Amino acid sequence: MSGMERTTDEWQRIDVEHHLHPFTDPRYFDKKAPLIVTRADGMHVWDSSGRQILDGMAGLWCVNVGYGRKELIEAANRQMSTLAYYNVFFQSATPPQIELSRLLAEVTPEGLDHIFFANSGSEANDTIIRMVRHFWEVQGQPDKHVFIGRKLGYHGSTVAATSLGGMQNMHAMGRSLLPGFEHIMHPHWYLEGGDMDPDEFGLKAARALEDKILELGADNVAAFIGEPIQGAGGVIDAPRTYWPEIERICRKYDVLLVVDEVICGFGRTGEWFGCQTYGVMPDLMPMAKGLSSGYLPIAAVAYNERVHKVLKDGGLFSHGYTYSGHPVACAVAIANIDLIRRDKLVERVRDDVGPYFHDRLKAAVGDHPLVGEVRGKGLLAGVQLVKDRDSRTLFDTADNVAMRVRDLCLERGLIMRAVGQSMVASPALIVKRAQIDEMADILADSLNAAAREFGMA
Ligand code: PMP
């Protein structure tokens, strides 16, 4: 039996027996069986019992054009039949990889005209580490090797990407913090800003970078990396003073600026890329997720002329993945970008559904006793849960408040994600206003239920 037609119980039993889930405590399944998702269309997924659920997360922040788009499916089908695979190592190239390189040079901010392909955000960031260190080595500055990231930053789950990120629990597992990686404070005004106004706090948080560079010596620092909005950290968007100051500091000390667009890229914040929303110009830019709307695994690193010139004369670039520039994944990414352009999805987020999303969320839950802050940009939102609004006091970690709200949302037919003590959402860019209303109403209802359970209503 191929196993495509089983009962929910069977699927759940086999899954728990044979599959280790990423970022999941296996004991969770003692209490609650896995959700088996069997199909999807547009904004919705269906579980194995046939229940329709509104996907407020676009999968894992990635299905930007929504599920079931025939343009992407047909592109995969066509390319699979024409050339299912060939590599781009040595001196080979394929038409989809060539076209996608050109297209990415076009849609990324001006000046980022050179592309390297990988298969995941983690691999893109591993590539960045090797590429940037090589960049300095070629120029006779091998000591310029340290990467500075941020606490609660997320850049992936390979050993190197784990080190780049600032998740302490990930560092602790498997001795995964390599030497040569440092982390500064994250710019979360609501929890870290105290009495400062946001702009003042933004400058303070950015100047932690200058302090760190001075502590390490600029001659030892290769690059700074940050997400425009820290997604997996809880949708932390910095005050508007932060990014320009970060850029100024990077330029002053000749530290390369890497902006991780894996979540923010391809329209999510209302511009093609998050760095455009914040008005900064990176030297290198990793991207994944929305590049193919998650239909196939593909990632890319875009980099500027300065990096290109050095790499061009830097000798053998000893790096690459068998599936770098995979033709089928590239064909799907091209169809995806064409669709985003044709349907003006980026403009839609900027002018219509993005502002509506934040207005509706704020109206529905902004004054709720469990909510401290609604934050984010475009179709990326974080709702900070608090035990006490006035003192900005959080719950005990053991209360698992966000996980509870997540489960309450799911019972009511909505997928949102719990991150620490925040609820986060990133619906597909095709989301309709009525679906945003539905999300806001279900979240409000779930928060009411949680408040009753936690004795706050
Ligand atoms: N960077 C960022 C900003 C991410 O959010 C993620 C994944 N959530 C990654 C990198 C890693 O991507 P992947 O899971 O495809 O390796």
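Conventions we followed
- Residues numbered from 1 in each chain as written.
- Predicted model: local features only at pLDDT ≥ 70, side-chain atom pairs only at ≥ 80, totals over all residues.
- UniProt positions renumbered as here; feature names shortened; annotations may be inferred.
- Helix = DSSP H or I, 4+ residues; strand = E, 2+ residues; numbered from the N terminus.
- Buried ≥ 20, exposed ≤ 12 C-beta atoms within 10 Å, placed from the backbone.
- Pairing = 2+ DSSP bridges.
- Axes fitted to C-alpha atoms, helices over the stretch in contact; angles between N-to-C directions.
- Contact = placed C-beta atoms within 7 Å.
- Parallel < 35°, antiparallel > 145°, perpendicular 65-115°, else oblique.
- Left-handed = near helix turned anticlockwise from the far one by under 90°.
- Nonpolar A, V, L, I, M, F, W, Y, C, P; charged D, E, K, R; others polar.

- If you check an unreviewed UniProt entry, the chain appears there as Aspartate aminotransferase family protein from Gimibacter soli.
- On record in UniProt, under Cofactor (unreviewed entry), the comment for the chain is "pyridoxal 5'-phosphate".
- Recorded under Sequence similarities (unreviewed entry), the UniProt text for the chain is reproduced unchanged: "Belongs to the class-III pyridoxal-phosphate-dependent aminotransferase family."

**A few points about unusual backbone geometry**
Turning to step 1, where the next piece is worked out: Even without glycine at this site, Trp61 takes up a positive phi of about 60°.
Turning to step 2, where the next piece is worked out: Tracing the backbone shows Trp61 in helix α3 (residues 58–61).
Turning to step 3, where the next piece is worked out: The class of Trp61 is buried, set by 25 C-beta atoms lying within 10 Å.
Turning to step 4, where the next piece is worked out: The phi dihedral of Asn400 falls on the positive side, at around 50°, and the residue is not glycine.
Turning to step 5, where the next piece is worked out: Here Asn400 is to be found in the loop between β14 (380–385) and α16 (401–411).

**So, the sheet that holds strand β17 (residues 422–425)**
Turning to step 1, where the next piece is worked out: In spatial order, the strands read β13-β14-β17-β16; together these four strands make up an open sheet with antiparallel pairing. Each edge of the open sheet is held by one strand with a lone partner, namely β13 (371–377) and β16 (417–419). For this sheet, the mean angle separating the axes of adjacent strands, direction not counted, is 25°.
Turning to step 2, where the next piece is worked out: Pairing of β16 with β17 involves three bridges; the strand directions are antiparallel. When the sheet's bridge partners are listed, Val419 is paired in β17 with Ser422.
Turning to step 3, where the next piece is worked out: Contacts from helix α15 (residues 345–365) reach β13 and β14 within the one sheet, and its direction differs from that of β13 by about 175°.
Turning to step 4, where the next piece is worked out: Along the sheet face, α16 touches β14, β16 and β17 and points at about 175° away from the line of β16.

**A look at the sheet that holds strand β3 (residues 52–55)**
Turning to step 1, where the next piece is worked out: Reading across the sheet, the four strands line up as β1-β2-β3-β15 and stay open at both edges, with mixed pairing between neighbours. The strands lining the two open edges of the sheet, one partner per strand, are β1 (37–41) and β15 (414–415).
Turning to step 2, where the next piece is worked out: With four bridges connecting them, β1 and strand β2 (residues 44–47) associate as antiparallel partners. By the bridge assignment for β2, Ala40 is matched with Val45.

**As for the packing of α16 against helix α17 (residues 433–453)**
Turning to step 1, where the next piece is worked out: Running from N to C, α16 and α17 cross one another at 130°; their axes reach a closest spacing of 9 Å. In terms of orientation, α16 and α17 fall into the oblique class. α16 and α17 meet at a crossing whose hand is right-handed. In this structure, α16 contributes Val401, Arg404, Val405, Leu408 and Cys409 to the contact, and α17 contributes Ile442, Leu443, Ser446, Leu447, Ala449, Ala450 and Glu453.
Turning to step 2, where the next piece is worked out: Of the residues in the contact of α16 with α17, the class split is nine nonpolar, one polar and two charged.

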